[in-house]
Amino acid sequence: MHSAPAVAHAPATAVHLSEVTKTYPDGPVTVRALNQVSLGLRSGSFTAVMGPSGSGKSTLLNCIAGLETPDSGRILIGDVEVTRLSGDALTRFRRDHVGFIFQSYNLIDHLTVVENIRLPLMLAGRKADPEWEKALIHAVHLNGKEHRLPSGLSGGQAQRVAIARAMITRPSVIFADEPTGALDSHTGQEILELLRKTAASVGQTVVLVTHDARIASAAEQVLFLADGSWAGHLVAPTPEEITSYVMELGT
Ligand SMILES: Nc1ncnc2c1ncn2[C@@H]1O[C@H](COP(=O)(O)OP(=O)(O)OP(=O)(O)O)[C@@H](O)[C@H]1O
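Thresholds applied
- Residues numbered from 1 in each chain as written.
- Predicted model: local features only at pLDDT ≥ 70, side-chain atom pairs only at ≥ 80, totals over all residues.
- Near = placed C-beta within 6 Å.
- Helix = DSSP H or I, 4+ residues; strand = E, 2+ residues; numbered from the N terminus.
- Nonpolar A, V, L, I, M, F, W, Y, C, P; charged D, E, K, R; others polar.
- Buried ≥ 20, exposed ≤ 12 C-beta atoms within 10 Å, placed from the backbone.
- pLDDT = per-residue confidence, 0-100.
- Contact = placed C-beta atoms within 7 Å.
- Core = buried A, V, L, I, M, F, W, Y, C linked by C-beta atoms within 7 Å.
- Pairing = 2+ DSSP bridges.
- Axes fitted to C-alpha atoms, helices over the stretch in contact; angles between N-to-C directions.
- Left-handed = near helix turned anticlockwise from the far one by under 90°.

### What about the site of the ligand?
- Residues in close proximity to the ligand include Tyr 24, Asp 26, Val 31, Ala 33, Gly 51, Ser 53, Gly 54, Ser 55, Gly 56, Lys 57, Ser 58 and Thr 59, which together make up its full environment.
- Those elements that place two or more of their residues in the shell around the ligand are strand E1 (13–26), strand E2 (29–42) and helix H1 (57–64).
- Considering each element in turn, the shell around the ligand owes the most residues, three residues, to H1.
- Classifying every residue of the shell around the ligand gives three nonpolar, seven polar and two charged.

### Structural notes on unusual backbone geometry
- At His 141, a position not held by glycine, the phi torsion is positive, near 55°.
- Here His 141 shows up in the loop between helix H4 (130–139) and helix H5 (155–167).
- Residue His 141 is classed as partly exposed on the basis of its 13 C-beta neighbours within 10 Å.
- If you check the backbone angles, Arg 170 has positive phi at about 55° while not being a glycine.
- Along the chain, Arg 170 turns up in the loop between H5 and strand E7 (173–177).

### Side note on the confidence of the model for the protein chain
- Overall, the prediction assigns the protein chain a mean pLDDT of 90, with 95% of residues at 70 or greater.
- A low-confidence stretch, residues 5–10 stays under pLDDT 50, and its non-local contacts, those more than four residues away or across chains, total ten contacts.
- Two summary scores accompany this predicted model of the complex, namely pTM at 0.90 and ipTM at 0.98.

### Points about the nonpolar core
- In this structure, Val 15, Ile 64, Ala 164, Ile 174, Phe 175 and Val 207 are the most contacted members of the largest nonpolar core, which totals 64 residues.
- Ranked by residue count, the leading element in this core is H5, at seven residues.
- Dropping the residues within four chain positions of it, Val 15 is found in contact with Leu 39, Leu 41, Ile 64, Ile 77, Val 173, Thr 205 and Val 207.

### Structural notes on the sheet that holds E7
- Pairing in this open sheet of six strands is mixed, and the strands run E6-E7-E8-E3-E9-E10 from one edge to the other. Each edge of the open sheet carries a strand with a single partner, namely strand E6 (98–102) and strand E10 (229–235). In this sheet, adjacent strand axes meet at a mean angle of 20° when their direction is disregarded.
- Of the strand pairs in this sheet, strand E3 (residues 46–50) and strand E8 (residues 205–209) are connected by four bridges, and their pairing is parallel. Its bridge partner lying in E8, Thr 47 is registered against Val 207.

### Quick word on the packing of helix H3 (residues 113–123) against H5
- The N-to-C vectors of H3 and H5 enclose an angle of 30°; their axes lie 7 Å apart at closest approach. Here H3 and H5 pass one another in a crossing that is right-handed. Between H3 and H5, the residues in contact are Val 113, Asn 116, Ile 117, Leu 119 and Pro 120 and Val 161, Ala 164 and Arg 165, respectively.
- Per-class residue counts for the contact of H3 with H5 are six nonpolar, one polar and one charged.

Shown next as structure tokens:
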């Protein structure tokens, strides 16, 4: 059986999973979306997760981010055991320590760019830090577009708003589920580079799900899931190495 690297829980471990299992009922049968998955990710690391459709990638991200509850196993973000939190405590933890970026941007149509970016702070009843907000808007190249509505943005611009929104609370971990899936490949590469640089500048840990070998090659390591279990990993691979590994796995 394959495993992902660095399972031991050290102080500099940002994300730690120990034998996490998640099942879903599917009519008379049970789908085992994650099967005893363990993982350790270093603080500040940038990891891509790949695997065929239905292999459990989104379930993995949703469980780590506290959007889904595993059936069994432990998940820690930093020193906090997410799997022991529930209700308001989980909501607060997620809001303060986790950033999420989706393929579909999930911007609020009637809020401007800057209002969308501030939304997680508003929901948490926290005030914006004007310096950090300015630095983020600058980092994602949205200066001058602060007061536009999402309907006036390109897909790439909308995703840059989503990146800034995910980072406004300075979360320790950012999860991105196919963040470039709706973009052309050039814009996708630009967005990814921007996410990588901005996260690195503040030492954030990034976990990214993608089907795109070129996008995944921006990561320090690529982890492969198949049928809810680890099917191997590559360290700092080229897009060609990723593609041939995927073909070898027969996925
Ligand atoms: N809410 C749910 N209810 C029932 N089954 C689910 C649910 N969410 C996921 N599954 C099942 O769990 C398995 C893993 O799904 P998941 O979405 O995590 O895979 P994925 O690798 O992200 O797929 P894709 O690349 O298509 O997005 C699949 O068999 C899926 O049908």
